[in-house]
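# Structural features, examined
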Amino acid sequence: MTPLNRDNISWYSGFSKKVGRAYLFSIFLSLIVMLIVIGTLVWSTWQSRHATLSSAQISLEYQARALGDKLWSHLNQLEHDLEKVHLASYIEDIYTTSIPADFYNEIKRLSYGQDNHLKFQFFTADGNLISTTHSPTLDRNLYSTASFFLKHKNQLQDIVFEAPVSEPLTQTPFIGISRSVEGKNGEFLGVIRLLSELSNVQKILAGDEFGGFKNATLVDSDGQVITSWPAVKNIDLQRSNLDDLFAVYKIQNFPLSVNLSRPISAVLTQWFIESRNIGLVCIALIVSEILLVLFSLTRIREAKKQVLATQRFFYAVEQCSVSIIITDTEGRIEYTNPWFTTLTGYERKDVYGLKPNMLKTGHTTQDDYAKLWQTIAKGEQWEGEFLNRKKNKDTYWELANISAIKDLDGKIFNFIAIKEDITDRKRIEQDNEDKNQRLTDIIWGTHVGTWEWNIQTGETIFNDLWAEIIGYTMDELAPISIDTWMNHTHPDDLIKSAELLEKHFKAESEFYEFEARMRHKSGEWVWVLDRGKVTQWSEDGKPLWMFGTHQDITSNKQAEQEILQAKDAAESANSVKSQFLANM
């Protein structure tokens, strides 16, 4: 493992670019996948549309063929009936003599009796209608200029098909089939014409058992619409080609064709539903891609922020004035900051892979080290002081804070020690301790009681000797306050003490000093020399804290009293002596 140092800090800045490229690549890859999926769905949808239309087109063509065959069967039957009359043995007699009764009855029967669906007409070579099977509609007008008649006479056509034909009186539409009649020598005698009502064809169109189409249209060879079902006035076949499927079947032997149309929208109903669902899937994919882009951009920004925070943290660790050591779970050093080198003299490369105990002096016991490891192994924080040794063999004190570094699952993967050089502080503490000890020794050596007094609050602090001078312990005097002093001081002395204190508070005297009598626990009065001085003042010049001592001067007072008594005795003796000498 490469130790962390300032030389490879470029990894942190490069990490941001790597993260950004990774997310941008994922966006690009997901975009490609989305486009492929959407393209595949669109292509399959279009193929499905094409297959659906092709299948519907084949089905429609089959329906047109089936319907055309039905119409062919109907027209063929008409042609057969016409042929049957044409081949009658006495057909020539119609044009030379008169219509025989048997023949008339026969063609009457062929016209389906009273249904009036079929009509036979007989024309002379001059186009004169000489007979018909429906006498009520008999039209004796000449047909010499009729289209069908001219085709027979002038163009020598044997069979002529007409559609539609309107009867002059009723205007009923018919389909007409006519045939030339020739004599024995081949001369043109006239025309036999068979008319079938167009409604017969319409019934065939309307009665189609296949269904499923929009329009069924019967068209002649010129493209003219003969009839349709459902009946419509105008049919735009070109427009139908745009909106509908279209199938055409040519009826054999007749100048007619069946045209079927079916709405494309009806054919594609299920396809539209599937397309809508696929469209929703595509929209969902696009929305997902947008969300992925937004998420990736957010993650890139967050990654950059994290990298920036990591860089700042690294810089802070590198530049801070405390020693930082990171070890693995076995305690081997993986990282030290520059201050560690400044403090110990060891370079980072010198200690990498070693354990921090290389610095120990033996001041910390093995039991203390064992407790340290037990604490940090549980993920808890340990704090303590070490006396360690530098590279140049000098010793130094440090305050160490050691804790575990955990991953998101709470597993420890490193330990970090933050150590502060406290050598100067320890030296100052030791100096203060030495001073305090000397002061304590002086106090106990001189048997002086000490007192501390907060003048504004009355709070006081006495030492044990202060209480001992008047025969008490501190526990016996509790609770301690300025009243403790006043309650044990002679009332006359309190007045004088107050006067001296007031002068000191007004800065009229540098020190407060007064000899006072205090009541001893035994009931006797002891003398104390009370000295003190205000050391802290408020901003407005009021005294805050005052510190002082009590010194037991009872023995001094007793000695003074004895000296005074001896002096008085000597003076009295001298007076007696003088009187004695004067009286001698």
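Let us look at the structure shown here. Fair warning: this is a prediction, and the values are worked out from it, not measured in the lab.

## Considering the overall build of the protein
Scanning the protein from terminus to terminus reveals 17 helices and 19 strands. Burial status across the protein gives 36% buried among its 584 residues. Within the protein, residue pairs in contact and separated by at least 24 positions form 51% of the contacts whose partners lie at least 6 positions apart. As presented, the protein carries roughly 34500 Å² of accessible surface, and 54% of it is formed by carbon and sulfur atoms.

## Notes on the packing of aromatic side chains
On inspection of all chains with the given rule, the structure shows eleven aromatic pairs. With centroids separated by 5.6 Å and ring planes inclined at 90°, the aromatic side chains of W373 and F415 adopt a geometry described as edge-to-face. Taken together, the residues W373 in helix α11 (residues 366-377) and F415 in strand β14 (residues 412-421) connect sequence positions 42 residues apart. Assessed through its relative accessible area of 36%, W373 is described here as partly exposed. With 3.7 Å between their ring centres and 10° between their planes, F462 and W466 make a pair best called stacked. Each member of the pair, F462 together with W466, is buried. One cation-aromatic arrangement involves R49 over W271; the distance from NZ or CZ to the ring centre is 5.8 Å. Taking the ring centre of W527 as reference, the NZ or CZ of K557 above it sits at 4.5 Å.

## Things to note about the sheet that holds strand β3 (residues 159-166)
The five strands are arranged β2-β1-β5-β4-β3 in an open sheet whose pairing can be described as antiparallel. With one partner strand each, in any of the chains shown, β2 (129-132) and β3 form the two edges of the open sheet. Going across the sheet, the axis of each strand differs from the next one's by a mean of 25°, ignoring polarity. Across six bridges, β3 lies against strand β4 (residues 173-182) in antiparallel orientation. Considered in β4, the bridge of V165 is made with F174. Against the sheet, helix α5 (residues 198-206) touches β3, β4 and β5 (188-197), its axis set at about 45° to β5.

## Comments concerning the nonpolar core
Counting residues in each nonpolar core, the largest one holds 41 residues, and the members touching the most others are L71, F161, L218 and L260. Of all the elements, helix α1 (residues 10-86) adds the most residues to this core, at ten residues. Non-local contacts of L260, meaning those with residues more than four positions away in its chain, are made with L60, Q63, A64, L67, F213, N215, A216, L245, F246 and A247. Core analysis: the second largest hydrophobic core is formed by 22 residues, I455, I469, Y512 and A516 among them.

## Let's talk about α5
Every buried residue belonging to α5 is among L198, N200, V201, I204 and L205, and all of these are buried. Down the axis of α5, the buried side of the element spans an arc of 155°, and every buried residue falls inside it.

## Section: the sheet that holds strand β9 (residues 256-263)
Read across the sheet, four strands follow the order β7-β6-β9-β8 without closing on themselves; strand pairing throughout is antiparallel. Each edge of the open sheet carries a strand with a single partner, namely β7 (225-229) and β8 (244-250). Strand-to-strand twist of the sheet, defined as the mean angle between neighbouring strand axes without regard to direction, takes the value 20°. Note that β8 and β9 share seven bridges and pair antiparallel. Considered in β9, the bridge of V248 is made with N259. Packed onto the sheet, α5 meets β6 (215-220) and β7 and runs at close to 40° relative to β7.

## Examining the pattern of salt bridges
As enumerated under the stated definition, the model contains 17 salt bridges in all. R425 serves as the salt-bridge partner of E385, at 3.5 Å between the closest nitrogen and oxygen. Placement of the pair is E385 in strand β12 (residues 382-389) and R425 in helix α12 (residues 423-446), with a sequence separation of 40 residues. Look at E385 and you get partly exposed, because its relative accessible area is 33%. Put simply, E385, R425, K426 and E429 are held in one network by salt bridges that share partners.

## Let's talk about helix α16 (residues 491-505)
When the terminal C-alpha atoms of α16 are compared, their 21 Å separation across 15 residues agrees well with the 21 Å that a helix rising 1.5 Å per residue should span. Looking at α16, one finds that the buried residues are D493, S497, L501, H504 and F505. Buried residues of α16 fall within an arc of 105° about the axis and therefore sit on the same side. In this fold, the buried residues of α16 make contact with β15 (448-454), α15 (482-488), β17 (512-519), β18 (525-537) and β19 (543-552). Immediately downstream of α16, the backbone of A507 shows phi near 65°, a positive value.

Reading the values: rules and limits
Residues numbered from 1 in each chain as written. Predicted model: local features only at pLDDT ≥ 70, side-chain atom pairs only at ≥ 80, totals over all residues. Heavy atoms only, no water. Helix = DSSP H or I, 4+ residues; strand = E, 2+ residues; numbered from the N terminus. Buried < 20%, exposed > 50% of the residue type's maximum accessible area, 1.4 Å probe, protein only. Contact = heavy atoms within 4.5 Å. Areas by Shrake-Rupley, 256 points an atom, 1.4 Å probe, with all protein chains shown as cover. Phe/Tyr/Trp six-rings, centres within 6.5 Å; stacked < 30°, edge-to-face > 60°. Lys NZ or Arg CZ within 6 Å of the ring centre and 35° of its normal. Pairing = 2+ DSSP bridges. Axes fitted to C-alpha atoms, helices over the stretch in contact; angles between N-to-C directions. Core = buried A, V, L, I, M, F, W, Y, C linked by side-chain atoms within 4.5 Å. Arc of directions from axis to C-beta. Salt bridge = Lys/Arg side-chain N within 4 Å of Asp/Glu carboxyl O. Expected span 1.5 Å × (residues − 1).

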